[in-house]
Amino acid sequence: MALMRTREIGSLRHATDLALGIGGAESNVAIGLRRLGVDASWLGRVGDDPLGERVQREIRAEGVDVRCVVDADAPTGLMLKERPSASSTAVFYYRAASAGSRLSPDDLPEGWVEEADLLHVTGISALVSASARDCVAEAILRAKNAGVRVSFDVNYRSALGSPAADDELRALAARADIVFGGDDELQFLRPGHSAEAAARHLIDEGCGEVVLKRGADGATAYVDGDVVHSPGFVVDVVDTVGAGDAFVAGYLSGLLAGLDPPSRLARANACGAMLCMTPGDWESSPTLRDLARFCDPDGDPVLR
């Protein structure tokens, strides 16, 4: 989607100056992975309009392979972001009937999923429309048939909620090899249970890894029969939107690089923390060199 955000603290109702950019969970992760040295490819659908051109150009400029369908019959989705106070952010989405909501299984390029080392999807795309949900499901099916690992970030958005949302997200999580979610999101998958119990249930049902994101409180991974916790970082927070995506990119980059669970959790926490320190959903996603500057020189050498 295209993204417009206020430059100053205050409500959109009084803002006089907006910065134009792009945002979106999947593209945020793709850019984050690319900055960490991982080849990444992104599939999306945009309108035949200047904002759609902006989305393609920005993602491609970050070195991501862009597989984009241009829809002449629907506009590019838009999100507006304001900072009501120095410590809070509010986001407003305009994606109903957008080009992105018209994503469908026919948009999946032949061989695209099968050639990957890992497929990453989120609950946002799965709930934005029935056709987008079918596209996500088809991508997962093709990945499983080809032996490609599937990563799923619950990323639940109440604005996209529906009576069947919990069942739909639960079905996707059950087919994933790696599941990411915050406390509320994992509890959403298993109502009436704690996030820890929900994570253990996913593991018992055959999921290889479950990663519980807790922001400044760090993160916990349930993997290989172990429970691994990594503390968070204390930083001056400017904007938390996109931090979860940076975290996922950090974790997956470590996984693909062969790092052990404690090391990839530490990298993920650092990536998420760095994203919080500046405005924007992805602009401050770090490179490995950035991580070296951020981490204590005497700290974990994996981050350097």
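Let us look at the structure shown here. (Residues numbered from 1 in each chain as written. Predicted model: local features only at pLDDT ≥ 70, side-chain atom pairs only at ≥ 80, totals over all residues. Heavy atoms only, no water.)

### Examining the overall build of the chain
Next up, step 1: Looking only at helices and strands, the chain has 10 helices and 12 strands in total.
Next up, step 2: A globule of 304 residues ought to have a C-alpha radius of gyration of about 19 Å, and the chain, at 18 Å, matches this closely.
Next up, step 3: Structurally, the chain occupies a C-alpha span of about 50 × 45 × 40 Å along its principal axes.
Next up, step 4: Relative to its 304 residues, the chain shows a buried fraction of 50%.
Next up, step 5: Contacts in the chain between residues far apart in sequence, at least 24 positions, make up 65% of those at least 6 positions apart. (Helix = DSSP H or I, 4+ residues; strand = E, 2+ residues; numbered from the N terminus. Rg over C-alpha atoms; globule rule 2.2 N^0.38 Å. Buried < 20%, exposed > 50% of the residue type's maximum accessible area, 1.4 Å probe, protein only. Contact = heavy atoms within 4.5 Å.)

### Examining the packing of aromatic side chains
Next up, step 1: Evaluated as defined, the whole model comprises four aromatic pairs.
Next up, step 2: The interplanar angle of 55° and the centroid separation of 5.2 Å between the aromatic rings of Phe 233 and Phe 294 together place this pair among those described as tilted. Of this pair, Phe 233 sits in the loop between β12 (226-230) and α8 (243-256) while Phe 294 sits in helix α10 (residues 288-294); the two residues are 61 residues apart in sequence, bridging distant segments of the chain.
Next up, step 3: Residue classification places Phe 233 among the partly exposed residues on the basis of a relative accessible area of 27%.
Next up, step 4: Ring pairing ties together the aromatic residues Phe 180, Phe 247 and Tyr 251, which thus form one cluster.
Next up, step 5: The ring of Tyr 93 is capped by Arg 95, whose NZ or CZ atom sits 3.9 Å from the centre of that ring. (Phe/Tyr/Trp six-rings, centres within 6.5 Å; stacked < 30°, edge-to-face > 60°. Lys NZ or Arg CZ within 6 Å of the ring centre and 35° of its normal.)

### Some details on the side chain of Ser 151
Next up, step 1: The topology assignment puts Ser 151 in strand β8 (residues 149-153).
Next up, step 2: Here His 120 takes part through its side chain, which lies 2.8 Å from a polar atom of the side chain of Ser 151. (Polar contact = N/O pair within 3.5 Å; in protein donor to acceptor, adjacent residues only side chain to side chain.)

### Overview of the sheet that holds strand β10 (residues 209-213)
Next up, step 1: Taken in spatial order, the six strands make up an open sheet running β7-β8-β9-β10-β11-β12, and their pairing is mixed. The open sheet has two edge strands, β7 (118-122) and β12, and neither has a second partner. Across the sheet, the mean angle separating the axes of adjacent strands is 15° when strand polarity is ignored.
Next up, step 2: Taken together, the three bridges between β8 and strand β9 (residues 178-182) define a ladder with parallel strand orientation. Opposite Phe 152, over in β9, you have Val 179 as the bridge partner.
Next up, step 3: In the packing of helix α7 (residues 195-204) onto the sheet, contacts are made with β9, β10, β11 (219-223) and β12, and the angle to β10 comes to roughly 165°.
Next up, step 4: Along the sheet, α8 contacts β7, β8, β9, β10 and β11; its crossing angle with β10, the most-contacted strand, is approximately 145°. (Pairing = 2+ DSSP bridges. Axes fitted to C-alpha atoms, helices over the stretch in contact; angles between N-to-C directions.)

### Considerations on the environment of Pro 261
Next up, step 1: By the secondary structure assignment, Pro 261 is in helix α9 (residues 261-275).
Next up, step 2: Placed 24 residues apart in sequence, Pro 261 and Val 237 show a C-alpha to C-alpha distance of 26 Å.
Next up, step 3: Once you skip the residues sitting within four places of it in the chain, Pro 261 turns out to touch Val 223 and Val 228.

### Considerations on the side chain of Arg 95
Next up, step 1: Checked against the element boundaries, Arg 95 lands in the loop between β6 (88-94) and β7.
Next up, step 2: One buried charge, Arg 95, has no salt-bridge partner; the nearest side chain with opposite charge is Glu 26, at 8.0 Å.
Next up, step 3: The contacts of Arg 95, once residues within four sequence positions are left out, are Met 1, Ser 101, Ile 124, Val 128, Arg 157 and Leu 160. (Lys, Arg positive; Asp, Glu negative; His and termini not counted. Salt bridge = Lys/Arg side-chain N within 4 Å of Asp/Glu carboxyl O.)

### Some points on the sheet that holds strand β5 (residues 78-85)
Next up, step 1: With mixed pairing, four strands are arranged side by side in an open sheet as β2-β1-β5-β6. Two strands in the sheet have a free side with no partner beyond their single neighbour: β2 (18-22) and β6. In this sheet, adjacent strand axes meet at a mean angle of 25° when their direction is disregarded.
Next up, step 2: Contacts from helix α2 (residues 50-61) reach β1 (2-6) and β2, with the element oriented near 65° to β2.

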